[in-house]
Amino acid sequence: MKNHIIKFSVLVSVLFLSACKTEKSNTKENDSSTKESLYFGQKPPGLIPEVFAPGIVSIDGRFEGTVSFSSELTAMYFAADNKDEETHIYFSKLEGNNWTPIKRVDFTNGKKNEEMHPFVSPDDKRIYFTAMDSAFADEKIWYVNRLGDSWSDAIMLDSPINDDLVFFPNQAKNGDLYYFINLGNTINTSLNEKGPRITPDGKYLFFGRDERDIEPGLANIYWVSTEVIEKLRPKH
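Parameters and conventions
- Residues numbered from 1 in each chain as written.
- Predicted model: local features only at pLDDT ≥ 70, side-chain atom pairs only at ≥ 80, totals over all residues.
- Heavy atoms only, no water.
- Helix = DSSP H or I, 4+ residues; strand = E, 2+ residues; numbered from the N terminus.
- Buried < 20%, exposed > 50% of the residue type's maximum accessible area, 1.4 Å probe, protein only.
- Contact = heavy atoms within 4.5 Å.
- Areas by Shrake-Rupley, 256 points an atom, 1.4 Å probe, with all protein chains shown as cover.
- Core = buried A, V, L, I, M, F, W, Y, C linked by side-chain atoms within 4.5 Å.
- 1 Å grid on protein atoms, 1.4 Å probe; cavity = no way out; pocket = protein on both sides within 12 Å on 5 of 7 lines; lining within 4 Å.
- Points joined across faces, edges and corners; volume = space filled by probe spheres on them.
- Salt bridge = Lys/Arg side-chain N within 4 Å of Asp/Glu carboxyl O.
- Pairing = 2+ DSSP bridges.
- pLDDT = per-residue confidence, 0-100.

So, the overall build of the protein
Here is step 1: The helix and strand inventory of the protein stands at three helices and 16 strands.
Here is step 2: Each of the 236 residues in the protein was classed as buried or not, and the buried ones make up 50%.
Here is step 3: For the protein, contacts bridging at least 24 residues in sequence account for 55% of all contacts bridging at least 6.
Here is step 4: Of the accessible surface of the protein, which amounts to about 11900 Å², a share of 50% is contributed by carbon and sulfur atoms.

This is the structure we're talking about:
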């Protein structure tokens with residue numbers, strides 16, 4: 001993002017996680033080869049956050065942020081930018097047992113300088129994202145609708161939400177409101193962490209961690225088992 005870094009703490013919705021846990025994943029569990037290819041074939045993390053797909057998605061020298069998967073985990077969207085360049089959304093999908101080369105998308109067709117914070121709706125029919133020309137000036141939520149194997153022209157969301165500056169559009173599957181908590185020093189550090197997302201299968205928490213202050217140019221996507229959240233759930 002050009003000459004600016006927006007500071008956020010990694011927060012997560014306990015109620016949203018509960019909704020994810022109670023829903024059956026649409027992933028084809030009976031297809032073992034496809035299952036092994038999910039998440040770019042990466043070894044699942046445990047209770048300690050790990051860099052996601054290093055050298056493939058998380059590339060040293062680039063800032064990667066918010067991640068969103070389709071409901072069947074066969075498509076991934078994320079935001080990234082290089083130093084002093086605009087932020088854009090990138091995309092890859094699982095075809096057979098292989099992920100396609102990561103490509104940049106341009107939902108607004110150049111109407112906006114930057115696009116970020118993608119969120120695939122639970123029914124896969126819409127992608128919400130933030131688009132803007134300059135930071136802290138005109139950040140608004142936009143969306144595109146699915147048209148078969150492609151997407152419609154981008155539409156700015158007609159809602160009072162866009163009366164203010166907005167980031168990280170989300171849509172809970174059951175429509176409920178939810179609250180946020182800090183996840184403690186296992187996840188939250190003194191660094192810039194943002195864009196928390198729980199995967200549709202409820203198994204993993206993804207977030208961005210900016211480590212430029214300790215190692216210039218390093219800002220990657222991390223993932224961790226959602227068991228860390230379960231450990232924080234209030235005991236009754």
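Topic: the nonpolar core
Here is step 1: One finds Tyr 39, Phe 52, Val 57, Phe 69, Met 76, Phe 78 and Phe 206 to be the most contacted residues of the largest nonpolar core, which totals 19 residues.
Here is step 2: The element best represented in this core is strand 4 (residues 75-81), accounting for three residues.
Here is step 3: Beyond its immediate chain neighbours, meaning those up to four positions away, Phe 78 contacts Val 57, Arg 62, Glu 64, Thr 66, Val 67, His 88, Ile 89, Tyr 90, Ile 102, Pro 118 and Ile 221.

Some thoughts on the layout of surface pockets
Here is step 1: In this structure, the second largest pocket spans a volume of roughly 320 Å³.
Here is step 2: Taken together, 17 residues form the lining of the second largest pocket, with Ala 75, Tyr 77, Phe 91, Lys 93 and Arg 146 sitting closest to its centre.
Here is step 3: The set of elements that each furnish at least two residues to the lining of the second largest pocket consists of strand 4, strand 5 (88-95) and strand 11 (150-151).
Here is step 4: No other element matches strand 5, which puts three residues into the lining of the second largest pocket.

Section: the pattern of salt bridges
Here is step 1: For the structure shown, the criterion picks out four salt bridges.
Here is step 2: Across the salt bridge formed by Glu 64 and Arg 62, the nearest N and O atoms sit 2.8 Å from each other.
Here is step 3: The buried category is assigned to Arg 62, whose relative accessible area is 13%.
Here is step 4: A salt bridge links Lys 112 to Asp 138, with the nearest nitrogen and oxygen atoms 3.2 Å apart.

Describing the environment of Thr 100
Here is step 1: Secondary-structure assignment places Thr 100 in the loop between strand 6 (98-99) and strand 7 (103-105).
Here is step 2: Judged by relative accessible area, which is 17%, Thr 100 ranks as buried.
Here is step 3: Sequence-wise, Thr 100 and Ala 75 are 25 residues apart; in three dimensions their C-alpha atoms are separated by 9.5 Å.
Here is step 4: Once residues within four sequence positions are removed from consideration, Thr 100 is found in contact with Ser 92, Lys 93 and Glu 95.

Considering the pairing of strand 16 (residues 219-225)
Here is step 1: Along strand 16, seven of the seven residues are buried, which leaves the element largely enclosed by surrounding structure.
Here is step 2: Residues Ala 219, Ile 221, Trp 223 and Ser 225 of strand 16 are buried on one face, and the alternating residues Asn 220, Tyr 222 and Val 224, pointing to the opposite face, are buried as well.
Here is step 3: Taken together, the two bridges between strand 2 (residues 50-51) and strand 16 define a ladder with antiparallel strand orientation. Each residue of the ladder has a partner; that of Glu 50, found in strand 16, is Trp 223.
Here is step 4: Pairing between strand 15 (residues 204-210) and strand 16: seven bridges, direction antiparallel. Residue pairing across strands places Phe 206 opposite Trp 223, the latter belonging to strand 16.

Brief notes about the environment of Phe 207
Here is step 1: One can find Phe 207 in strand 15.
Here is step 2: Taking the C-alpha atoms as reference points, Phe 207 and Arg 197, 10 residues apart in sequence, are found 6.4 Å from one another.

Here we look at the confidence of the model for the protein
Here is step 1: Across the protein, the average pLDDT comes to 78, with 69% of residues at or above 70.
Here is step 2: Contacts of residues 2-30 to residues separated by more than four positions or lying in other chains number 81 contacts, the stretch itself having pLDDT below 50.
Here is step 3: For residues 175-180, every residue scores under 50 in pLDDT, and the model assigns this stretch 13 contacts once sequence neighbours within four places are set aside.

What to know about the environment of Asn 113
Here is step 1: By the secondary structure assignment, Asn 113 is in the loop between strand 7 and strand 8 (114-120).
Here is step 2: A C-alpha to C-alpha distance of 7.6 Å links Asn 113 and Ala 131, two positions 18 residues apart in sequence.
Here is step 3: Non-local contacts of Asn 113, meaning those with residues more than four positions away in its chain, are made with Glu 86, Thr 87, His 88, Met 132 and Asp 133.

Focus on the pairing of strand 5
Here is step 1: Along strand 5, six of the eight residues are buried, which leaves the element largely enclosed by surrounding structure.
Here is step 2: In this sheet, strand 5 lies alongside strand 4 in antiparallel orientation, the contact comprising six bridges. Its bridge partner being in strand 5, Tyr 77 is matched across the sheet by Phe 91.
Here is step 3: The hairpin turn running from strand 4 into strand 5, its antiparallel successor, is six residues long, and Asp 84 in that turn takes a positive phi close to 65°.
Here is step 4: Two strands pair when backbone bridges link them, and strand 5 and strand 7 are joined in this way by three bridges, in the antiparallel orientation. Of the residues in strand 7, the one forming a bridge with Phe 91 is Lys 103.
Here is step 5: Examined bridge by bridge, strand 5 and strand 6 share two bridges and lie antiparallel to one another. Within strand 6, the residue paired with Leu 94 across the bridge is Trp 99.
Here is step 6: Counting the residues in the hairpin turn of strand 5 and strand 6 gives two residues, including Gly 96, whose phi is positive at 70°.

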